[in-house]
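Chain residues, written in single-letter form:
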Amino acid sequence: MSVSPPPPGPRTILLTGAAGGLGTLMRELLPEHGYELRLLDVRPIPDAPDAIVADLNDTEALREAVRGVDGVLHLAGISLESTFDKILESNIKGTYHLYEAVRAEGESRADGVAPRIVFASSNHAVGFTPRPRTEDGAPLVPVETLRRPDTYYGLSKSFGEDLAQFYWDKFGQETVSVRIGSCFKEPTDVRMMSVWMSPADGARLFHAALSAENVGHTVVYGSSANTRLWWDLTSARALGYEPQDDSEEYAENLLAEFGPLSDENPAHLYMGGRFINDPPIWPY
Ligand code: NAI
Ligand code: 15L
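Residues numbered from 1 in each chain as written. Chains lettered and ligands numbered in written order. Predicted model: local features only at pLDDT ≥ 70, side-chain atom pairs only at ≥ 80, totals over all residues. Heavy atoms only, no water.

A. Seen up close, the packing of aromatic side chains. By the definition in use, this model includes 10 aromatic pairs. Aromatic pair Tyr99 and Tyr167: ring centres 5.2 Å apart, planes at 65 degrees, arrangement edge-to-face. Taken together, the positions of Tyr99 in helix H3 (residues 84-108) and Tyr167 in helix H4 (residues 152-171) put the pair 68 residues apart, joining distant regions of the chain. Accessibility expressed as a relative area gives 2% for Tyr167, which makes it buried. With a centroid separation of 5.6 Å and an interplanar angle of 80 degrees, the aromatic rings of Phe166 and Tyr167 are classed as edge-to-face. Aromatic rings pair up to connect Tyr99, Phe166, Tyr167 and Phe171 into one cluster. Here the guanidinium or amino end of Arg103 rests over the ring plane of Phe171, the centre of that ring lying 4.3 Å away. (Phe/Tyr/Trp six-rings, centres within 6.5 Å; stacked < 30°, edge-to-face > 60°. Helix = DSSP H or I, 4+ residues; strand = E, 2+ residues; numbered from the N terminus. Buried < 20%, exposed > 50% of the residue type's maximum accessible area, 1.4 Å probe, protein only. Lys NZ or Arg CZ within 6 Å of the ring centre and 35° of its normal.)

Following this line, the structure appears as structure tokens:
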């Protein structure tokens, strides 16, 4: 198994979406892997006055934000179901503008190499895939499975993966697209036991994605080594990712509170869970 070398001294990474839940967790955890973070979000970050406060559609601010960075961890965007118009602005146009800023940065460099992007895709790009019955011996779902978005939100992540593939094929710009499951401190329902990625494993995976060699455009699932895992982590492990955590330690309490997944509940039939029925709930 190939293990990624540690970065050679601190590497500067642009962290978009730094004010959000995952951004806040990664601000704590990524420095332990040797990164210096440049922060960006449309919302100010009270404990980080140096953070760049800018919308992803502010092309000049983005161009400045990527100047000199070694990589970008792109977390910014609407993270729940919303209206198509809002998703279009933040997730589709916003991600396009980031790719254009990174492309311009590569063109300005002596070696012509653009910094790599690690893109926060989502399991909701494949959310309408039936839940694999792994308890009955069904195989884990591969990354090559047909994309089946469960929301306009998931559709935007599907677009992001295509954008990443296009920028690799057309411009040689590298991306690792991470189809994140549920990255929170603890799993909070029974579905999450299959898709949970502990924050520490999240930092391990993002580090592997930022530091592995020759990734081209690689798609991986973002999950811990869960006993109830639904996804094939082969492509993530090939980057050097070695998950350490397992949601099973929460199983007894969660099953006592919610009971097992049920075929009577539509939200339990598909990998995307409740998102298959969610109305627009993004609050801004
Ligand atoms: P979050 O909603 O807590 O944070 C997203 C951040 O992006 C917010 O701080 C928001 O202000 C910022 N943002 C939104 N639109 C922006 C724009 N146009 N310009 C600049 N900043 C903007 O979401 P969370 O949970 O931190 O997720 C981070 C990323 O990871 C999102 O892209 C989400 O879709 C993705 N993801 C997260 C998962 C999770 O379990 N937390 C699961 C799957 C994907
Ligand atoms: C996501 O894509 C969301 O951003 C996050 O808030 C969680 O709901 C996660 O998926 C999930 O599927 O649990």
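B. Geometry of the sheet that holds strand E6 (residues 175-180). Spatial strand order, E3-E2-E1-E4-E5-E6-E7: seven strands in an open sheet with parallel pairing. The two strands at the open ends of the sheet, each matched to only one other strand, are strand E3 (52-53) and strand E7 (217-222). Note that E6 and E7 share six bridges and pair parallel. Bridged to Ile180 within E7 is Gly222. Helix-sheet contacts for helix H1 (residues 21-29) involve strand E1 (11-16), strand E2 (35-41), strand E4 (71-74) and E6, and the interaxial angle to E2 is about 155 degrees. (Pairing = 2+ DSSP bridges. Contact = heavy atoms within 4.5 Å. Axes fitted to C-alpha atoms, helices over the stretch in contact; angles between N-to-C directions.)

C. Structural detail: a nonpolar patch on the surface. Taken together, Phe84, Tyr152 and Leu155 make up a surface patch of nonpolar side chains, about 280 Å² in accessible area. Here Phe84 is to be found in helix H3. (Patch = residues over 30% accessible without salt bridge, like charges linked within 9 Å, V, L, I, M, F, W, Y side chains within 5 Å. Areas by Shrake-Rupley, 256 points an atom, 1.4 Å probe, with all protein chains shown as cover. Salt bridge = Lys/Arg side-chain N within 4 Å of Asp/Glu carboxyl O.)

D. Fine view of the environment of Val126. Position of Val126 relative to the elements: it lies in the loop between strand E5 (116-122) and H4. Along the chain, Val126 and Val102 lie 24 residues apart, while their C-alpha atoms are 27 Å from each other. Apart from residues lying up to four places away in sequence, Val126 is in contact with Thr145, Leu146, Arg147, Arg148, Arg179, Tyr221 and Met271.

E. Up close: the pattern of salt bridges. Under the counting rule described, the total for this entry stands at 18 salt bridges. A salt bridge links Arg131 to Glu135; the shortest N-O distance between them is 3.5 Å. Exposure remark for Arg131: the relative accessible area of 6% places this residue in the buried category. Under the relative-accessibility criterion, Glu135 is labelled exposed at 53%. Here Asp263 ties to Arg131 by a salt bridge, and the two come within 3.5 Å at their closest N and O atoms. Of this pair, Asp263 sits in the segment after helix H8 (251-258) while Arg131 sits in the loop between E5 and H4, and the two are 132 residues apart along the sequence. Overall, the relative accessible area of 44% leaves Asp263 in the partly exposed class. Within this structure, Arg131, Arg133, Glu135 and Asp263 form a network of salt bridges that share partners.

F. Just the UniProt feature "domain: NAD-dependent epimerase/dehydratase" (unreviewed entry) in the protein chain, in detail. Under the present numbering, the feature "domain: NAD-dependent epimerase/dehydratase" (unreviewed entry) in UniProt falls on residues 13-182. Counting secondary structure, residues 13-182 comes out at 36% helix and 18% strand; the distance between its end C-alpha atoms is 23 Å. (UniProt positions renumbered as here; feature names shortened; annotations may be inferred.)

G. Region of interest: the site of ligand 2. Inspection of the region around ligand 2 gives Ser79, Leu80, Ser122, Asn123, His124, Tyr153, Gly181, Ser182, Phe184, Arg191 and Phe275 as its neighbouring residues. Taking Tyr153, its side chain carries an N or O atom lying 2.6 Å from an oxygen atom of ligand 2. For ligand 2, an oxygen atom lies 2.5 Å from a polar atom in the side chain of Ser182. Compared with its free state, where it exposes 320 Å², ligand 2 has 85% of that area covered by protein. The class makeup of the residues in the shell around ligand 2 is four nonpolar, six polar and one charged. (Near = heavy atom within 4 Å. Polar contact = N/O pair within 3.5 Å; in protein donor to acceptor, adjacent residues only side chain to side chain. Nonpolar A, V, L, I, M, F, W, Y, C, P; charged D, E, K, R; others polar.)

H. Broad picture of the pairing of E1. With respect to burial, E1 is a largely interior element, six of its six residues being buried. Here E1 shows no split at all, with Arg11, Ile13 and Leu15 on one side and Thr12, Leu14 and Thr16 on the other all buried. Bridge count for E1 against E2 is six bridges, and the pairing is parallel. Opposite Ile13, over in E2, you have Leu37 as the bridge partner. Following the chain from E1 across H1 to the adjacent parallel E2, one finds a crossover that is right-handed. In this structure, E1 lies alongside E4, joined through four bridges in parallel fashion. Its bridge partner being in E4, Thr16 is matched across the sheet by His74. (Right-handed = clockwise from strand over helix to strand, strands pointing away.)

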